[in-house]
Amino acid sequence: MTSKETKRKPTEYFNNDAGEENLLILHNDDVHSFDYVTNALIDICGHSFEQASQCTLITHYIGKCDVKKGGFKMLKPLKDALLERKLNATID
């Protein structure tokens, strides 16, 4: 890497949406356990245990939580993976 090149965050390589910022929203469903949701966020979104636990609590008490920010192309596979686990998720 030359001195003129800048380091890019790993998510920037997958975010080809030209600056478009979207939110992956997890919605409460009153069905799944805290552990199930927390583990899904760790596995799918790459959250730490603490971050996933906080998102799970916010989703439970507020009704929804933005769990990831980025371009649509990056968030779509994450949303699909959450839906495969029967969790309610949208991209806004």
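Definitions and cut-offs
Residues numbered from 1 in each chain as written. Predicted model: local features only at pLDDT ≥ 70, side-chain atom pairs only at ≥ 80, totals over all residues. Heavy atoms only, no water. Helix = DSSP H or I, 4+ residues; strand = E, 2+ residues; numbered from the N terminus. Buried < 20%, exposed > 50% of the residue type's maximum accessible area, 1.4 Å probe, protein only. Contact = heavy atoms within 4.5 Å. pLDDT = per-residue confidence, 0-100. 1 Å grid on protein atoms, 1.4 Å probe; cavity = no way out; pocket = protein on both sides within 12 Å on 5 of 7 lines; lining within 4 Å. Points joined across faces, edges and corners; volume = space filled by probe spheres on them. Nonpolar A, V, L, I, M, F, W, Y, C, P; charged D, E, K, R; others polar. Pairing = 2+ DSSP bridges. Axes fitted to C-alpha atoms, helices over the stretch in contact; angles between N-to-C directions. Expected span 1.5 Å × (residues − 1).

Student: It is not clear to me how the environment of F49 should be interpreted in this structure. Could you clarify?
Tutor: When you line up the elements, F49 lands in helix 2 (residues 49-62). On the basis of relative accessibility, which here comes to 54%, the residue F49 falls in the exposed class. Sequence separation between F49 and N39 is ten residues; the distance between their C-alpha atoms is 8.0 Å. In contact with F49, other than residues within four places in its own chain, are T38 and I42.

Student: I would appreciate a short explanation of the confidence of the model for the protein in the present structure.
Tutor: Caution applies to low-pLDDT regions: their predicted coordinates should not be interpreted in detail. Here the protein averages 86 in pLDDT, while 79% of its residues score no lower than 70. Taken as a whole, residues 1-15 scores under 50 in pLDDT and shows nine contacts with residues more than four places along the chain or in a different chain.

Student: What should I look at first to understand the layout of surface pockets in this one?
Tutor: To find the voids left in a structure, one rolls a probe of water-molecule size over its atoms. Space inside the largest pocket adds up to approximately 150 Å³. Lining of the largest pocket is provided by 15 residues; of these, N28, D29, H32, V37 and T59 occupy positions nearest its centre. Elements supplying a minimum of two residues to the lining of the largest pocket: strand 1 (22-27), helix 1 (34-45) and helix 2. Classifying every residue of the lining of the largest pocket gives five nonpolar, eight polar and two charged.

Student: I'm lost on the sheet that holds strand 2 (residues 64-70) in this one. Help?
Tutor: Hydrogen bonds along the backbone pair up the strands of a sheet, which may run parallel or antiparallel. Read from one edge of the open sheet, three strands run 2-1-3, paired in antiparallel fashion. Of all strands in the sheet, those bounded by a partner on one side alone are strand 2 and strand 3 (88-91). Averaged over neighbouring strand pairs, the angle between their axes works out to 25° when direction is ignored. Across six bridges, the pairing between strand 1 and strand 2 is antiparallel. Across the sheet, residue L24 finds its bridge partner in strand 2, namely K68. Docked against the sheet, helix 2 engages strand 1 and strand 2, running at close to 135° with respect to strand 2.

Student: Sorry if this is basic, but what is going on with helix 3 (residues 72-84) here?
Tutor: Every α-helical turn comprises 3.6 residues, leaving residues that sit three or four positions apart pointing alike. Between its first and last C-alpha atoms helix 3 spans 18 Å; for 13 residues at 1.5 Å apiece the expected length is 18 Å, and the two agree. One or two steps after helix 3, the chain reaches K86, where phi turns positive at roughly 70°.

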